[in-house]
Amino acid sequence: MAPVIAEIALQYEHAYPGMRVDVQSGGSSRGIGDVRNGLAGIAMVSRALEGREQVLEAYPIARDGVGIILNARNSVEALTDAQIAAIYRGEIGNWREVGGRDAKIVVVHKAEGRATLEVFLAYFGIDNRDVKADVIAGENEQAIKTVAGSPEAIGYVSIGTAAVDIDHGVPIKLLRIGGVAATLSNIRLGRYPIVRPLNLVTREPATGLARAFIDFVRSPAMTGLIEAQHFVQVSE
Amino acid sequence: MWFRLRPSSWFDPAWRWRVLSAPHDAVAHLAMWSASLAVTGVFVWILIDVLSHGASHLSLELLTAAPADAGRQGGIAPILVSTVLILAVCMAVAMPLGLCSAVLLSEFSRSTSGYGRFVRRSLDVLAGLPSIVFGLFGYAFFCHALGLGFSILSGGLTLACMVLPVLIRSVEAALQAVPDDIQTASAALGLSKTTTIRSLLLPAAAPGIAVGLILGIGRALAETAALLFTSGYVVRMPGSLFDSGRALSVHIYDLAMNVPGGDGMAYASALVLLGLLLGMNALATTLVQRWQKSKGLVFG
Amino acid sequence: MNATTRLDRRLESFLRMNAAVAGSITIGIVAYLLLESLPALHAVGPLRFLTDPSWNPVHGAYNVVPMVVGTLVVTVGAVLLAAPLAVASAVFGRFYVRGALSKLQRRVLETLAGVPSVVYGLWGLMVLVPALARIGPPGQSVLAGVLVLALMILPTIALVSDTALGAVPEIHLRGAAAAGLSRWAIVRSIALPTARSGILTGILLGTGRALGETMAVVMVTGNVAQIPDGVFAPVRTLTANIALEMAYATDAHRSALFVSGLVLALLTIGLVAVVDRIAQSTGQDGGRTGVV
């Protein structure tokens, strides 16, 4: 979330000279920790609040989809939910078994704790301990670069990130899930099944400067910027 | 006047005979050349890769403008300023501390002295800790406990901790390299240790100290994780050392790993960083040589 | 006590204070690691960090052994590869070429020393890994990690060794040449032994760097938390463990990650202790042998 919020912060500073917004990066948990101990006013959390975090105030500002990516050179065009689950559990090991060429499937997974991982596992009904991964990526970009560099790889990443990369010519493609294409409009219409919220979180209900910034992020003026990153903006 | 052993030339028949008559000599010769060529070859490979991806984004704008579109466009001017400031803080703290500690280890502690051993070993342990641990520690200690927050100061201080082992150990090695004769002669003349160190030893060890400096600068510029957590992510031109500022290495990481479509700019920024590095190294070497000459001694 | 000695004593105390600061940083960081690890060590118990079925903190499994193996394998491999090459490069620069060529080689090494881990990691991920993948998929593996790490630590070892080699007294070299020894024999029997202490320092620094390297390793080793069964198998190091999961870990998970940091610190301390013991026994420990 940091890059897009940093851009919005820049716009905010242009719109309201004299205001300063400092954006720091470090992950959702760091954000929550910093907001709890007062080092930060607003946290960027790329998932829903869980457990003890729910005493904090969450303001959803966008929705991001989680999509399955394959290398663009992979001949396989579609996979069913059951096939994807089987691939990640290690039950299907070769592309031949799902209609592709004879090559071992390179499974790209995410590190524990990441929102994309949790949303992915929840949708496909897999337990993380059953996953047989060949590569575990940290950031979305790492997963994308791995899949782009390896014709036998399969991975899952934030659709926002993948779509922008595809626009820039990175050789990957997004699969349909349950027949629904991974596009902005499908996420907006709620047809795409795997989504996660992007939240701005404060310790208490946001007032004053924090409130002003959150409202700015949700305003129509920012719609273009957010959608250019292939996220669906959420307003009040 | 000290002479350098000038390697014999291939045109010297006596040398040639020696090389060819002993087969392990020829093998060693080959091995040395291969090792060097291999190392230089990989360096060229990496350089070509970085150049091919980043050269198209190089421009004057890169060095003078601020980032736009999450860094995919525009330039890296504020980031360059932040980087230099962080480096300055780091060196300002690490150099004196490192030099003093190295002198202590080299000149004042016997091989078996407990204190010297302890410091030396702690430095070795420090050298092995992951950069991310320094980042977490720096965040907890400098940002939180000392209340400096996300700032260039926090970043520089954390970096100083990281750079210290490399600096101290290589300066120590440089000081050891100076022959014992100087010590003996000094003592015979009745000079205090302080004078010996200040006017003779340090200038004599200058080239090695320069190497230590360069290794330290290199390590500092190359560091990412530690700075992300301490000096932060902000791209604004810093107004003071207490402002948060993004270092060049952090920017490269962000463009490559966080911002989709940021690869080209990441590589271009890497080229700028290499340029900065070469500049810093040249500066360090010249400064040390200048200082050495001012002491009236030129060695090797 | 005359003025000279008093000055010297004062200098010595001043220097001791500085060195103390340097030493206390280490203590501070290790203490910090310990502090942050305590919650997990308390709740989970130290034994489980060795015996749990796998590393899956979210599900309560905390075995760090695969990562320890990963760290050791990758570090040892990198040092074994880099040290000979680095020393050879240093010898090359000092004894086999002169002037401009020697300076060029040193510049190359100095520049390599400052390249950020990210760039090495990127090159590794985008160039090396696909190349390796053609021999043994998935490409992100022990081998990729060893190669990239060796590349990263080589300049440090080479530069420090170079300083040490440059210190070998001319007299010894000239004497050996006069006695008719060949160049390699001079290097082998005079230069290298004399510079041994400095070279070892360089290797130790390089090992430290390899142990602690995070960014590049995360990008090229595959990060699968299991004991590797071959050089083409993916592996996770202790540093990668922290880097991957820290940003998104909460409470117990976070504390468990600090435990893996603590394990790394203990590994490093162990390594240093062993080197210390060896250095003591051979009398090569730095400090002047005859302090005046």
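Remember, it's a predicted structure, so these values are computed and weren't measured experimentally.

Parameters at a glance
- Residues numbered from 1 in each chain as written.
- Chains lettered and ligands numbered in written order.
- Predicted model: local features only at pLDDT ≥ 70, side-chain atom pairs only at ≥ 80, totals over all residues.
- Helix = DSSP H or I, 4+ residues; strand = E, 2+ residues; numbered from the N terminus.
- Buried ≥ 20, exposed ≤ 12 C-beta atoms within 10 Å, placed from the backbone.
- Contact = placed C-beta atoms within 7 Å.
- Nonpolar A, V, L, I, M, F, W, Y, C, P; charged D, E, K, R; others polar.
- Expected span 1.5 Å × (residues − 1).
- pLDDT = per-residue confidence, 0-100.
- Pairing = 2+ DSSP bridges.
- Axes fitted to C-alpha atoms, helices over the stretch in contact; angles between N-to-C directions.
- Parallel < 35°, antiparallel > 145°, perpendicular 65-115°, else oblique.
- Left-handed = near helix turned anticlockwise from the far one by under 90°.

Trainee: Mind showing me how you'd approach the overall build of chain A here?
Mentor: Broken down by element type, chain A carries 9 helices and 8 strands. Its C-alpha atoms give chain A principal-axis dimensions of roughly 60 × 35 × 30 Å. Residue burial in chain A is summarised as follows: out of 236 residues, 51% are buried. Look at the contacts in chain A between residues 6 or more apart in sequence, and 67% of them connect residues 24 or more apart.

Trainee: Can you help me understand the overall build of chain C in this one?
Mentor: A count of helices and strands for chain C gives 12 helices and 2 strands. Taking the principal axes of its C-alpha atoms as reference, chain C extends roughly 70 × 60 × 30 Å. In chain C, which comprises 292 residues, the share counted as buried stands at 58%. Contacts in chain C between residues at least 24 apart in sequence constitute 73% of all its contacts with a sequence separation of at least 6.

Trainee: Just checking my understanding: could you explain the interface of chain A and chain C for this structure?
Mentor: Interfaces are often described in size by the accessible area the parts lose on coming together. Taken together, the contacts link 24 residues of chain A with 28 residues of chain C. Residue assignment for the side of chain A that touches chain C shows that the elements contributing at least two residues are α2 (28–36), β4 (135–137) and α5 (140–149) of chain A. Looking at which element gives the most residues to the side of chain A that touches chain C, the answer is α5(A), with 4 residues. A class-by-class count of the residues in the side of chain A that touches chain C yields 5 nonpolar, 11 polar and 8 charged.

Trainee: I'm lost on helix α3 (residues 65–96) of chain C in this one. Help?
Mentor: Given a rise of 1.5 Å per residue, 32 residues ought to cover 46 Å, and the 45 Å separating the end C-alpha atoms of α3(C) matches this to within 8%. Among the 32 residues of α3(C), 23 are classified as buried, and the element is accordingly described as predominantly covered.

Trainee: So what exactly am I meant to see when it comes to the confidence of the model for chain C here?
Mentor: When pLDDT is low, close inspection of the predicted coordinates is not appropriate. Residues and elements named next belong to chain C. Overall, the predicted model of chain C reaches an average pLDDT of 84, with 94% of residues at or above 70. Considering only residues more than four positions removed or in separate chains, one finds that residues 285–292, a stretch of pLDDT under 50, has 24 contacts. Interface scoring of the predicted complex returns ipTM 0.84; its pTM is 0.85.

Trainee: Can you help me understand the interface of chain B and chain C in this one?
Mentor: The interface is formed by 95 residues belonging to chain B together with 89 residues belonging to chain C. With 15 residues, the top contributor of residues to the side of chain B that touches chain C is helix α2 (residues 23–54) of chain B.

Trainee: Is there a simple way to explain the pairing of strand β5 (residues 153–158) of chain A in this structure?
Mentor: Remember that side chains alternate between the two faces of the sheet whenever the strand is regular. Residue and element names in this part refer to chain A. Taking burial as the measure, the 6 residues of β5 include 6 buried ones, the bulk of the element. In this sheet, β5 lies alongside strand β2 (residues 57–71) in antiparallel orientation, the contact comprising 5 bridges. Residue L70 lies in a different strand from β5, and its bridge partner there is I154. When strand β3 (residues 106–110) meets β5, the two strands line up parallel, connected through 2 bridges. When the bridges of β5 are listed, V106 appears paired with A153.

Trainee: Which parts of the structure should I look at to understand the environment of L264(C)?
Mentor: Looking at where L264(C) falls in the secondary structure, it is placed in helix α12 (residues 251–282). Assessed through the 26 C-beta atoms surrounding it within 10 Å, L264(C) is described here as buried. Along the primary structure L264(C) and L211(C) are separated by 53 residues, whereas in three dimensions their C-alpha atoms are 8.1 Å apart. Contact partners of L264(C), with chain neighbours within four places excluded, come to P130(B), T71(C), L211(C), L238(C) and T239(C).

Trainee: For this particular structure, what's the right way to read the environment of V69(C)?
Mentor: Within the fold, V69(C) resides in helix α3. C-alpha of V69(C) to C-alpha of V129(C): the two residues are 60 residues apart in sequence and 21 Å apart in space.

Trainee: Please clarify how the packing of helix α8 (residues 181–189) of chain B against helix α9 (residues 193–204) of chain B should be interpreted in this entry.
Mentor: Helix-helix packing is described using two parameters, namely the angle between the two axes and the distance between the axes. Residues and elements named next belong to chain B. At a minimum axis separation of 11 Å, α8 and α9 run at an interaxial angle of 160 degrees. In terms of orientation, α8 lies roughly antiparallel with respect to α9. Relative to α9, the crossing made by α8 is right-handed. Facing I182, Q183 and S186 of α8, the residues of α9 in contact are T196, L200, L201 and A204. For the contact of α8 with α9, the residue count by class is 4 nonpolar, 3 polar and no charged.

Trainee: Looking at this structure, how should I read the packing of helix α4 (residues 99–114) of chain C against helix α6 (residues 142–166) of chain C?
Mentor: Residues and elements named next belong to chain C. At a minimum axis distance of 9 Å, the contact between α4 and α6 shows a crossing angle of 135 degrees. Taken as axis vectors, α4 and α6 run oblique relative to one another. Considering only the axes of α4 and α6, their crossing is left-handed. From α4, R106, L109, E110, L112 and A113 reach across to α6, where they touch P155, T156, A158, L159 and D162. For the contact of α4 with α6, the class distribution of residues is 6 nonpolar, 1 polar and 3 charged.

Trainee: In this structure, what is going on with unusual backbone geometry? I would like to understand it.
Mentor: Leaving glycine out, the prevailing phi sign among residues is negative, and the prevailing peptide bond configuration is trans. Here the phi dihedral of A70(B) falls at roughly 60 degrees; this positive angle occurs in a residue that is not glycine. Given 26 C-beta atoms within 10 Å, A70(B) falls into the buried group. Look at N223(C): it is not a glycine, yet its phi comes out positive at around 60 degrees. By the secondary structure assignment, N223(C) is in the loop between α10 (215–220) and α11 (238–246).

Trainee: Explain the environment of I226(A) here, please?
Mentor: With respect to the helices and strands, the residue I226(A) is situated in helix α9 (residues 223–228). If we skip the residues at most four places from it in the chain, I226(A) touches V4(A), A62(A), F231(A) and Q233(A).

Trainee: Can you walk me through the pairing of β2(A) in this structure?
Mentor: Residue and element names in this part refer to chain A. In terms of residue burial, β2 counts as a mostly covered element, since 12 of its 15 residues are buried. Bridging between β2 and strand β7 (residues 195–202) involves 8 bridges; their strand directions are antiparallel. Paired with P60 across the two strands is N199, which belongs to β7. Pairing between β2 and strand β8 (residues 232–233): 2 bridges, direction antiparallel. Counted as the bridge partner of R63 is V232 from β8. In the sheet, β2 pairs with strand β6 (residues 172–174) via 3 bridges, with the strands oriented antiparallel. Opposite L70, over in β6, you have K173 as the bridge partner.

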